[in-house]
Amino acid sequence: MSQHLCEIGYLSRSDGSSLYCIGGTVVLASVNGPGDVKASNRHYNRTQLDVCYSPSTGQSMIGERALESVISKTIEQAIIVHLHPRTAINVTLQEMQSDGLALSTSINAACLALLDAGVQMKSTFSAVTCCIASSGAIILEPTEAEIKESSAVVTFVFDGLEYNVLSAYQDGSLDSDTFNLCLIKCQLAAKDITAIFRKTIEDKHKFDKS
Amino acid sequence: MRETPLSTCERAAVLAAISRGVRLDNRGFLEVRDINLSFGKEYGSCTVTLGETRVLAQVTCEVVEPRPSRPNEGKLSISVRLSPMAAPHFESGRGNELMDELQMILDRNIKESRCLDLEALCIMAEESVWQLRVDVTVLNHAGNLGDACNLAAVAALRHFHRPDVSVEEDGRVTIHTFEESEPIATYMKKVPVCLTYAFFIIDENIHMLMDPSEKEERVMSGKLVVGLNPHGEITSLIFPGRVLLSKKDIMNCIKSAFKKAKFSAEMIQNLVDEDIVKRKSSVKVDGFAKNLISDTVYASHMVKKTIDKGQNFKFQVPRESDEENGSLNDEMDEDINDEESGDDNSDAKPNKSDILWRIQSIRQASTKDDDATHSMETDGESEEEEKKPKLTAQDLI
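Residues numbered from 1 in each chain as written. Chains lettered and ligands numbered in written order. Predicted model: local features only at pLDDT ≥ 70, side-chain atom pairs only at ≥ 80, totals over all residues.

Per an unreviewed UniProt entry, the recorded name for chain B is Exosome complex component RRP45, and the organism is Halocaridina rubra. As stated in UniProt under Sequence similarities (unreviewed entry), the record for chain B gives "Belongs to the RNase PH family." (UniProt positions renumbered as here; feature names shortened; annotations may be inferred.)

An unreviewed UniProt entry annotates chain A as Exosome component 5 originating from Halocaridina rubra. Turning to chain A, the UniProt record has this under Sequence similarities (unreviewed entry): "Belongs to the RNase PH family."

Right, here's the structure in full:
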């Protein structure tokens, strides 16, 4: 696994924020809300979730929109949307440095930012990416160069209780046995990531007390 | 989301503090917040923090056709974006007044000042030139975005290296990767610096302070944003708001800005050069992963610093009678003297523990003949002195 680094309480103007690094990929996430929302997006029974992902250079294009939709569907499963009707929660993700793992880093950053903001969730969630190299070996958390060489890339998102799959995103083709092998490998890694989340949040509250 | 309104008591607190010669964050009137630059893994990506204000700038390049009117010049484009994470009321993909203002400041300071040698970006006249694109993203809005964006864009441009190219005889252009051939640095003739002065009118006295925080920006009556470079050229000057200043006062502002600009420009140059040297010597670059400091850490660092400094910091509320007679001039002098006694050690070089670089504010600006700089009381006689038709840089130095 690549090195994970994270920090919360990153931005002073957001309700919750975090910086998450996996290897060379760095994503900054911020969460605002639950707050007011314009009438067209107001739901009588649940909160509106807006996810905005921006790349470090250039305009946000179709690829970024696709990422946004995967991320927002994942987050929507985790947070308890019925607690705050007629409100919106805004999740903003900014890629600071890219090295192929934008999706999994963004999801992990979003989870920590939501925890930092104190948004109620059913469980935490953590994402792991792996790719299948041309030799057939499974590489966990590859670099961009390794992804270019690979035949398929799979990202799994697991919940933090039972490590069930919340969402899976795949690019390229692979057979079902390899898929299952990837799933098991990623599931193990997800446990480590959840431990990192726990430690980060514990540290924050230790810091608050002193 | 809507912007949180500023309450009347917050507004009153800011004004009351300023009229008594202190600022809410315990800074001097002419003191700039800590500046910290960190560079990403790639060339030309840079994050600047100015206190809690945080801006990301990223430079990219591509080969394009030149403009027919200027066949041997490269292109430079700058775009500013206010991310919704900077403040809850910013909406993604939608511009606002602030964004237009920042875009204008950057265009004037960097593009129109021609600080970059665009002819050096030419590969083949009329055929192909480099286009540099600077993306400036505001990540946290804690006041004075103009200075922060300018700083980030300039540092990123100076840090940027473009790939080497070779042109063959038949006119084919080959772009070499960084491994094949040493990348080429951008050549910047002059370093543009942007400085912001905020003005507050309290009981008909005008108070001036530098580098306003977000609260101060919302309370201030007007501001003066000067873009200049250490070579004595003014690249932009905007003065919005409801303040009337005499020509002389503005000139004095600019004069003191020139002194500060020299330090600021040197600081950018040193930090960028240091990082490039490090990059060339060592193999591995950490990038953003290890170099960024969060606002929580920064805030606790500042609190600690204030407590450590606390022995000689006395908070005094002047008596009512003093305050009415006391002009801005006296406050400034006191302020500056305090700074001189307290800050000597922190001005020199950053310690290992003290990662935050601090811009050296110039205290000489307060010497006797320059006192007029800070006394912004409106006096009528000053206009006669400036009869020169055009404001040239020579007049100012």
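**Regarding the overall build of chain A**
Secondary structure summary: chain A contains 4 helices and 9 strands in total. Each helix and strand of chain A, placed in order from N terminus to C terminus, yields the pattern β-β-β-β-α-β-α-β-β-α-β-β-α. Taken against the 2.2 N^0.38 rule, which gives 17 Å for 210 residues, the C-alpha radius of gyration of chain A at 17 Å falls within 12% of a compact globule. With the principal axes as the frame, chain A shows a C-alpha extent of 50 × 45 × 35 Å. By the burial criterion, 50% of the 210 residues in chain A qualify as buried. (Helix = DSSP H or I, 4+ residues; strand = E, 2+ residues; numbered from the N terminus. Rg over C-alpha atoms; globule rule 2.2 N^0.38 Å. Buried ≥ 20, exposed ≤ 12 C-beta atoms within 10 Å, placed from the backbone.)

**A short note on the UniProt feature "domain: Exoribonuclease phosphorolytic" (unreviewed entry) in chain B**
Residues and elements named next belong to chain B. With numbering matched to this structure, UniProt assigns "domain: Exoribonuclease phosphorolytic" (unreviewed entry) to residues 31–163 and 191–259. Its end C-alpha atoms 40 Å apart, residues 31–163 is made of 23% helix and 37% strand. This span, residues 191–259, is 28% helix and 43% strand, and a straight line between its end C-alpha atoms measures 14 Å.

**Description of the interface of chain A and chain B**
If you look at the interface, chain A gives 28 residues, while chain B gives 30 residues. Residue assignment for the side of chain A that touches chain B shows that the elements contributing at least two residues are strand S1 (4–8), strand S2 (16–22), strand S3 (25–35), strand S4 (48–54) and strand S5 (88–97) of chain A. (Contact = placed C-beta atoms within 7 Å.)

**Description of the sheet that holds strand S12 (residues 205–210) of chain B**
Residues and elements named next belong to chain B. One open sheet accounts for 4 strands, arranged S12-S11-S13-S14; its pairing is antiparallel. Looking at which strands have only one partner, the edges of the open sheet turn out to be S12 and strand S14 (233–238). Averaged over all pairs of adjacent strands, the angle between their axes in this sheet comes to 25°, without regard to strand direction. Pairing analysis gives 7 bridges linking strand S11 (residues 193–202) to strand S13 (residues 222–229), with the strands arranged antiparallel. Residue pairing in the sheet places Cys-194 in a bridge with Gly-227 of S13. Against the sheet, helix H1 (residues 8–19) engages S11 and S12, with an angle of about 95° to S11. Helix H3 (residues 145–159) rests against S11 and S13 of the sheet, and its axis sits at about 175° to S11. (Pairing = 2+ DSSP bridges. Axes fitted to C-alpha atoms, helices over the stretch in contact; angles between N-to-C directions.)

**Observations regarding the nonpolar core**
Formed by 139 residues in total, the largest nonpolar core has its most connected members in A:Ala110, B:Cys149, B:Ala152 and B:Ala153. Looking at this core element by element, the count peaks at 11 residues for helix H2 (residues 102–117) of chain A. Residues contacting B:Ala152, with those up to four places away along its chain left out, are B:Cys46, B:Val48, B:Val55, B:Leu56, B:Ala57 and B:Val136. (Core = buried A, V, L, I, M, F, W, Y, C linked by C-beta atoms within 7 Å.)

**Things to note about the environment of B:Ser92**
Position of B:Ser92 relative to the elements: it lies in the loop between strand S4 (75–82) and helix H2 (97–112). Residue classification places B:Ser92 among the partly exposed positions, given that 16 C-beta atoms sit within 10 Å. In this structure the C-alpha to C-alpha distance between B:Ser92 and B:Asn150, which are 58 residues apart in sequence, comes to 21 Å. What B:Ser92 contacts, discounting residues up to four positions off in sequence, is A:Cys52 and B:Pro84.

**Re the environment of B:Leu209**
All names here are of chain B. The topology assignment puts Leu-209 in strand S12. Residue classification places Leu-209 among the buried residues on the basis of 23 C-beta atoms within 10 Å. Residues Leu-209 and Asp-135 lie 74 residues apart in sequence; the distance between their C-alpha atoms is 29 Å. Beyond its immediate chain neighbours, meaning those up to four positions away, Leu-209 contacts Arg-23, Phe-29 and Ala-198.

**Overview of the sheet that holds strand S9 (residues 165–172) of chain A**
Residue and element names in this part refer to chain A. Taken together, the 4 strands give an open sheet; going across it, the order is S7-S6-S8-S9, and neighbouring strands pair in antiparallel fashion. In this open sheet, the two edge strands, each paired with only one partner strand, are strand S7 (138–140) and S9. The average angle at which neighbouring strand axes cross in this sheet is 20°, direction not considered. Sitting on the sheet, helix H1 (residues 62–78) is in contact with strand S6 (125–132), strand S8 (152–159) and S9, with an inclination near 165° to S9.

**Brief notes about the UniProt feature "domain: Exoribonuclease phosphorolytic" (unreviewed entry) in chain A**
UniProt tags residues 6–119 of chain A as "domain: Exoribonuclease phosphorolytic" (unreviewed entry). Across residues 6–119 of chain A, the secondary structure splits into 29% helix and 33% strand, with the terminal C-alpha atoms separated by 19 Å.

**Examining H1(B)**
With 12 residues, H1(B) extends 16 Å from end C-alpha to end C-alpha; this agrees with the ideal 16 Å at 1.5 Å per step. A positive phi of about 85° marks B:Gly21, the residue just after H1(B). (Expected span 1.5 Å × (residues − 1).)

**A word on the confidence of the model for chain B**
Keep in mind that low pLDDT regions are not for reading the predicted coordinates in detail. Residues and elements named next belong to chain B. Averaged over chain B, the pLDDT score is 80; the fraction of residues at 70 or greater is 77%. Low pLDDT (under 50) marks residues 320–393, which in the prediction has 87 contacts with non-local residues, meaning those over four places away or in another chain. Scoring of the predicted complex yields 0.83 for pTM and 0.92 for ipTM. (pLDDT = per-residue confidence, 0-100.)

**A few points about the pairing of S8(A)**
Residue and element names in this part refer to chain A. In terms of burial, S8 is a largely internal element, 7 of the 8 residues being buried. With 8 bridges connecting them, S6 and S8 associate as antiparallel partners. Across the sheet, residue Cys-131 finds its bridge partner in S8, namely Val-153. Between S8 and S9, which pair antiparallel one after the other, the connecting turn spans 5 residues, and Tyr-163 there sits at a positive phi close to 60°.

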